[in-house]
Every structure is written in C-alpha cells, then in structure tokens.
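Inside the fold
Given next are the chains, with one letter for each unit.
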Amino acid sequence: MGCWISEEPLDLNRLLQETEDPASGALVIFSGTVRNENEGQPVRAITYEAHVPLAENVLRALEEEVLSRFSVRRCRVQHRIGTLPVGEPSAIIVVRAAHRAEAFQAAQYAMDELKQRAPIWKEEHYETGESRFLEGTSLTLKVSGRPKP
Amino acid sequence: MGCWISEEPLDLNRLLQETEDPASGALVIFSGTVRNENEGQPVRAITYEAHVPLAENVLRALEEEVLSRFSVRRCRVQHRIGTLPVGEPSAIIVVRAAHRAEAFQAAQYAMDELKQRAPIWKEEHYETGESRFLEGTSLTLKVSGRPKP
Amino acid sequence: MRVKVVFYGGLKRDVGAKAQELQFDNQTLTVAQLKDGLIARYPVLRPKLSSVVCAVGDEIVSGDYLIRDGDEVALLPPVSGG
Amino acid sequence: MRVKVVFYGGLKRDVGAKAQELQFDNQTLTVAQLKDGLIARYPVLRPKLSSVVCAVGDEIVSGDYLIRDGDEVALLPPVSGG
C-alpha cells in the first residue's frame with residue numbers, strides 16, 4: 001500500500017497540501033463517489049479491490065504521463081479500496097496548472113485512463129442484499145508503464 | 001456579503017458538505033489561485049474588488065443556469081474579495097453530477113461565464129512595488145439574471 | 001439633482017477617488033447623459049466609458065435609464081474576476 | 001511445477017476461491033498453457049479467459065511468458081475502477 005492505492009479514507013486536504021505550487025493559477029479536482037443507484041438498482045455500498053502492486057505502478061506511470069502530455073505542473077491520482085458506503089470518495093484526481101483549460105483536460109484524461117488501465121474491480125452491493133461484480137475494459141500489456149523485457 | 005462573495009477565506013470543505021448528494025457519483029472542483037507570475041512579471045498578491053450586490057445576483061443566477069443547462073445535481077460558485085497572497089484561492093466552483101462528463105462540462109462553463117459576467121476586478125501587485133488593474137470583458141445588460149423592467 | 005457615482009476597478013485610480021457626490025442641473029438625467037457629464041469633469045474617462053456599464057442597486061441599467069435624485073450609480077469597467 | 005493462481009474481481013466468485021495452489025506436470029509452462037489448464041479445471045472460466053490478462057509480480061505478462069516453479073500468477077478480468 002502506498003501513495004496511489006489506499007485502504008484509508010482518501011484525504012483531499014493532504015493531496016492539496018502535497019501539490020501546493022505558487023506558479024499554478026488553476027486547480028482541478030475530480031472525485032468519484034459511491035452513488036446510491038446504478039442502472040435502476042438501489043446501491044448501498046461498493047467494494048473496490050485492486051491488484052495493489054500493479055495498480056500502484058499503473059497510477060504512478062499515469063501521473064508521469066499526464067505531466068509530460070499536458071502543460072500541467074502537478075498531478076496526483078489516488079484510489080481507495082475496501083467496502084465504501086454511498087457518498088464515500090473512491091478516487092481522487094488533483095491537477096494544478098498555470099491555466100485552467102489544461103488543468104481540466106488533464107484531469108479528465110487522468111480519470112478516463114484510470115478507468116481503462118488500473119487493475120481495480122468494483123462489486124456493487126444492492127439494497128436487495130445481492131451483489132454483482134462489474135466488468136469494464138480488458139487490460140492490455142501496455143498498462144504496466146514500462147514494457148516487460 | 002453572502003453565499004457567493006466572501007471577504008473570508010473560501011472554505012472548500014464547507015462547500016463539499018453543503019453539496020453532499022447520494023445520487024451524485026462525480027464531483028468536480030475548480031479553484032482559481034493567485035499565481036506568482038503574469039505576462040512575465042513576478043506577482044506578490046492580487047486585490048479582488050466586487051460590486052457585491054450585483055455580483056451576488058450574477059453568481060446566484062449562474063448557479064441556477066448551470067443546474068438547468070447541464071445534467072448536474074449541485075452547483076456552487078464562490079469568489080473571494082480582498083488582497084490575497086500567492087497561492088490563495090480566489091474562486092471556487094463545485095459541481096456534483098451522476099456522471100463525470102457533465103460535471104466537467106458544467107464546471108468549465110461556470111468558470112468561463114464567471115469570468116465574463118461577474119462584476120469583479122483584479123489589481124495585480126508586482127514584486128517591483130507597482131500595481132496594475134486588469135481589464136477583461138465588458139459587462140452587458142444581460143448579466144443581471146433578471147431583465148430590468 | 002445629486003448623484004453619487006462609485007468607480008470600480010481601474011476607474012477609481014483614473015479619477016483619483018472611489019466615489020464622488022456630483023450635482024447636475026438637469027431636470028431629468030439618463031445614464032447616457034451622466035456619462036457625458038462625467039467625461040466633461042474627468043476627460044481621462046473619455047476613451048474608457050464606451051466599455052463601461054452602469055448599475056443602480058443590484059442591477060445593470062441601460063443608457064436610457066432615468067436616474068433619480070439621490071441615486072447611487074456604479075461605474076463598472078471590463079471585468080477580470082476568477 | 002507449483003503455481004499459485006490468484007483470482008481478481010468476479011473470477012473469485014466464479015471459481016469459488018480467491019487463490020488456488022495448482023500442480024502442473026509440464027516441464028515448461030507458459031501463461032497461455034496455464035490458461036488452458038485452468039479451463040480444464042474450471043470450465044466456468046472458458047468464456048471469460050479471452051478477456052483476462054495475467055500479472056506476475058507488479059507487471060502484466062503476455063501469453064508466451066514462461067512461468068517459473070513457485071510463481072504467483074494473478075488473473076485480471078476486465079477492470080471497473082473509478
């Protein structure tokens with residue numbers, strides 16, 4: 001467990017301190033939170049599971065990629081694991097840049113890519129007592145950040 | 001002074017509490033902060049001035065417009081006035097929506113429109129001791145929210 | 001007719017005051033006429049007032065708005081918030 | 001050759017276990033061969049494994065990756081974080 005995957009509640013204020021930067025005039029934060037409904041089914045909680053060492057690799061590489069691909073000065077990405085009730089933040093992206101257009105673009109990119117690349121799985125727990133694992137995008141070799149020799 | 005224009009430091013955590021919503025799965029926050037440089041000039045602080053009653057009207061109307069124009073469930077807009085050092089937040093936008101694409105769009109729209117419509121002025125104080133008022137967009141009759149009878 | 005004019009943004013530096021109580025001899029005074037009167041008193045405002053809008057109370061008013069005795073009129077130059 | 005296979009996401013419900021220690025008689029075992037062996041043991045995985053990738057340690061490995069005795073291989077179905 002480290003800087004990117006957390007069993008503890010995500011701490012936005014700490015990420016804001018960590019990314020403070022006098023040359024940035026724009027701060028964009030995205031946070032995913034557990035929603036009380038999905039596809040018409042009342043949801044009471046979501047369990048997030050990660051392949052922790054790979055996920056840490058992927059999110060660290062994603063931060064680096066965002067910093068090199070966009071004119072932004074800070075980028076942090078964190079994802080929570082464990083069983084989270086409705087309203088609880090599951091993921092946070094923090095981006096700081098000189099100007100806001102780039103900050104918005106970079107934050108959106110980071111979240112889109114997190115959903116495609118991070119080895120994280122969601123099990124939705126419904127009000128009915130049932131639960132379901134959600135499946136989205138197949139991973140590819142590329143997500144590791146550095147290619148396997 | 002009220003919900004939209006503040007002489008006190010902007011309180012992100014309070015806005016997050018105020019906008020809590022179990023049906024929202026996406027939270028987007030934008031914050032403008034005082035940058036240490038503009039057009040090559042080292043900046044040490046910015047004084048923000050507002051026509052307070054009109055600015056409160058404009059920002060309240062902007063929140064309502066964002067809620068009706070985008071599929072978002074919460075929108076709050078605040079702007080600070082007074083003299084702010086480098087790094088200090090001058091404006092905050094908080095948007096919550098079921099899904100992230102709309103939340104990002106709405107937050108960007110709110111900030112773009114705030115800059116066009118809010119009767120707020122910026123005086124940059126440079127390291128040299130000089131200062132300069134910045135002028136951007138001319139206001140129009142439309143910004144008031146409700147037309148004058 | 002007495003009008004209190006309040007200058008926002010860079011206008012207060014141009015005029016050298018945040019607000020001025022001004023006396024006008026007009027029987028009726030529109031916002032457009034007020035602007036003309038201000039240019040006569042403060043020639044520095046001539047190139048600026050075309051991009052300035054006026055507010056009375058908490059609303060922006062147009063050039064034909066009739067100012068009443070005792071009104072406070074705010075002069076709002078192009079904005080730069082954010 | 002002993003391999004510890006760890007099942008992520010819905011796979012652990014399909015298989016009924018989070019992890020299994022499996023024995024293979026092969027002299028050499030690639031990830032692709034491991035997947036075939038898993039389908040033989042857990043037919044429920046047949047329709048799923050084409051969209052599953054495998055990781056050893058903190059990296060994803062391809063089908064021709066040679067598994068070593070004692071390796072722990074993670075089976076990663078399509079992801080749904082965020």
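Keep in mind that this is a model prediction, so the values were computed, not measured.

Describing the overall build of chain A
- Looking only at helices and strands, chain A has three helices and nine strands in total.
- Counting from the amino terminus, helix and strand elements in chain A follow one another as β-α-β-β-β-α-β-β-β-α-β-β.
- Computed over its C-alpha atoms, the radius of gyration of chain A comes to 16 Å, within 12% of the 15 Å expected for a compact globule of 149 residues.
- Once the C-alpha set of chain A is aligned to its principal axes, its extents read approximately 50 × 40 × 25 Å.
- Out of the 149 residues in chain A, the part that is buried amounts to 57%.
- Pairs at least 24 residues apart make up 74% of the contacts formed inside chain A by residues separated by at least 6 positions.
- Taken as a whole, chain A presents about 6,400 Å² of accessible surface, with 47% of it coming from carbon and sulfur.
- Computing the positive centroid from 18 side-chain charges and the negative centroid from 22, chain A places the two 6 Å apart.

So, the sheet that holds strand S5 (residues 74-80) of chain B
- Within the open sheet, the eight strands sit side by side as S1(A)-S5(A)-S7(A)-S2(A)-S2(B)-S7(B)-S5(B)-S1(B). Their pairing is mixed. Looking at strand neighbours, the two that pair on one side only are strand S1 (5-6) of chain A together with strand S1 (5-6) of chain B, the edges of this open sheet.
- Strand direction decides the pairing type here: S1 of chain B and S5 of chain B, joined by two bridges, are parallel. Along S5 of chain B, the bridge assignment pairs Ser6 of chain B with Arg80 of chain B.
- The sheet contacts of helix H3 (residues 100-117) of chain A involve strand S2 (26-33), strand S5 (74-80) and strand S7 (89-97) of chain A together with strand S2 (26-33) of chain B, and relative to S7 of chain A the element is tilted by about 150°.
- Lying on the sheet, helix H3 (residues 100-117) of chain B is in contact with S2 of chain A together with S2, S5 and strand S7 (89-97) of chain B; it crosses S7 of chain B at an angle near 150°.

What to know about the interface of chain B and chain C
- Taken together, the contact pairs 35 residues of chain B with 25 residues of chain C.
- Here chain B and chain C share an interface that buries about 2,500 Å² over both sides, 55% of which is from carbon and sulfur atoms.
- With a shortest N-O distance of 3.0 Å, Arg13 of chain C and Glu123 of chain B are connected by a salt bridge.
- Applying the counting criterion to the chain B and chain C interface returns 18 residue pairs in polar contact (both at pLDDT 80 or more).
- Of all the elements in the fold, those that place two or more residues in the side of chain B that touches chain C are strand S4 (41-50), helix H2 (52-69), S7, H3, strand S8 (120-126) and strand S9 (131-134) of chain B.

A few points about the environment of Val6 of chain D
Residues and elements named next belong to chain D.
- Mapping Val6 onto the fold places it in strand S1 (residues 2-7).
- It is 16 Å that separates the C-alpha atoms of Val6 and Thr30, two residues lying 24 residues apart in sequence.
- Discounting chain neighbours no more than four positions away, the residues touching Val6 are Lys18, Ala19, Glu72, Val73, Ala74 and Leu75.

Structural notes on the packing of helix H2 (residues 52-69) of chain A against H3 of chain A
Residue and element names in this part refer to chain A.
- Closest axis-to-axis distance for the H2/H3 pair is 10 Å, and the angle between their directions is 150°. Between H2 and H3, the angle falls in the class roughly antiparallel. The two elements H2 and H3 meet at a crossing, and its hand is right-handed. Residues Val58, Leu59, Leu62, Glu65, Val66 and Arg69 of H2 pack against Ala106, Tyr109, Ala110, Glu113, Leu114 and Arg117 of H3.
- Looking at the contact of H2 with H3 residue by residue, the classes come out as eight nonpolar, no polar and four charged.

Points about the packing of aromatic side chains
All names here are of chain C.
- Taken as a whole and assessed by the stated rule, the structure comprises eight aromatic pairs over all chains.
- Note on Phe7 and Tyr42: the rings are 6.0 Å apart at their centroids and 80° apart in plane angle, and the pair reads as edge-to-face. With Phe7 in strand S1 (residues 2-7) and Tyr42 in the loop between helix H2 (31-41) and strand S4 (53-56), this pair connects stretches of sequence that are 35 residues apart. Like Phe7, the residue Tyr42 is buried in the burial classification.
- A cation over a ring is seen here: Lys18 above Tyr8, with NZ or CZ 3.7 Å from the ring centre.

A look at the interface of chain D and chain A
- Contact with chain D, which involves 25 residues of that partner, is made by 35 residues of chain A.
- Taken together, the two surfaces of chain D and chain A that pack against each other cover about 2,500 Å², and 55% of this comes from carbon and sulfur.
- Across the contact surface, chain D and chain A share three salt bridges.
- For the interface between chain D and chain A, the tally reads 18 residue pairs in polar contact (both at pLDDT 80 or more).
- Elements that contribute at least two residues to the side of chain D that touches chain A include exactly helix H1 (11-15), strand S4 (53-56), strand S5 (59-61) and strand S7 (72-76) of chain D.
- With three residues, S5 of chain D is the single largest residue contributor to the side of chain D that touches chain A.

Structural notes on the pairing of S1 of chain C
Residue and element names in this part refer to chain C.
- In the sheet, S1 pairs with strand S2 (residues 19-23) via five bridges, with the strands oriented antiparallel. When the sheet's bridge partners are listed, Lys4 is paired in S2 with Glu21.
- The pairing of S1 with strand S7 (residues 72-76) spans four bridges and is parallel. Opposite Phe7, over in S7, you have Leu75 as the bridge partner.

A word on the sheet that holds S7 of chain C
All names here are of chain C.
- Pairing is mixed in the open sheet, where five strands are placed in the order S2-S1-S7-S4-S5. Strand pairing shows two members of the sheet lacking a second neighbour, S2 and strand S5 (59-61), which therefore form its edges. Here the average twist between neighbouring strands, direction ignored, is 35°.

The rules behind the values
- Residues numbered from 1 in each chain as written.
- Chains lettered and ligands numbered in written order.
- Predicted model: local features only at pLDDT ≥ 70, side-chain atom pairs only at ≥ 80, totals over all residues.
- Heavy atoms only, no water.
- Helix = DSSP H or I, 4+ residues; strand = E, 2+ residues; numbered from the N terminus.
- Rg over C-alpha atoms; globule rule 2.2 N^0.38 Å.
- Buried < 20%, exposed > 50% of the residue type's maximum accessible area, 1.4 Å probe, protein only.
- Contact = heavy atoms within 4.5 Å.
- Areas by Shrake-Rupley, 256 points an atom, 1.4 Å probe, with all protein chains shown as cover.
- Lys, Arg positive; Asp, Glu negative; His and termini not counted.
- Charge placed at Lys NZ, Arg CZ, Asp CG, Glu CD.
- Pairing = 2+ DSSP bridges.
- Axes fitted to C-alpha atoms, helices over the stretch in contact; angles between N-to-C directions.
- Buried area = accessible area lost by both parts, 1.4 Å probe.
- Salt bridge = Lys/Arg side-chain N within 4 Å of Asp/Glu carboxyl O.
- Polar contact = N/O pair within 3.5 Å; in protein donor to acceptor, adjacent residues only side chain to side chain.
- Parallel < 35°, antiparallel > 145°, perpendicular 65-115°, else oblique.
- Left-handed = near helix turned anticlockwise from the far one by under 90°.
- Nonpolar A, V, L, I, M, F, W, Y, C, P; charged D, E, K, R; others polar.
- Phe/Tyr/Trp six-rings, centres within 6.5 Å; stacked < 30°, edge-to-face > 60°.
- Lys NZ or Arg CZ within 6 Å of the ring centre and 35° of its normal.

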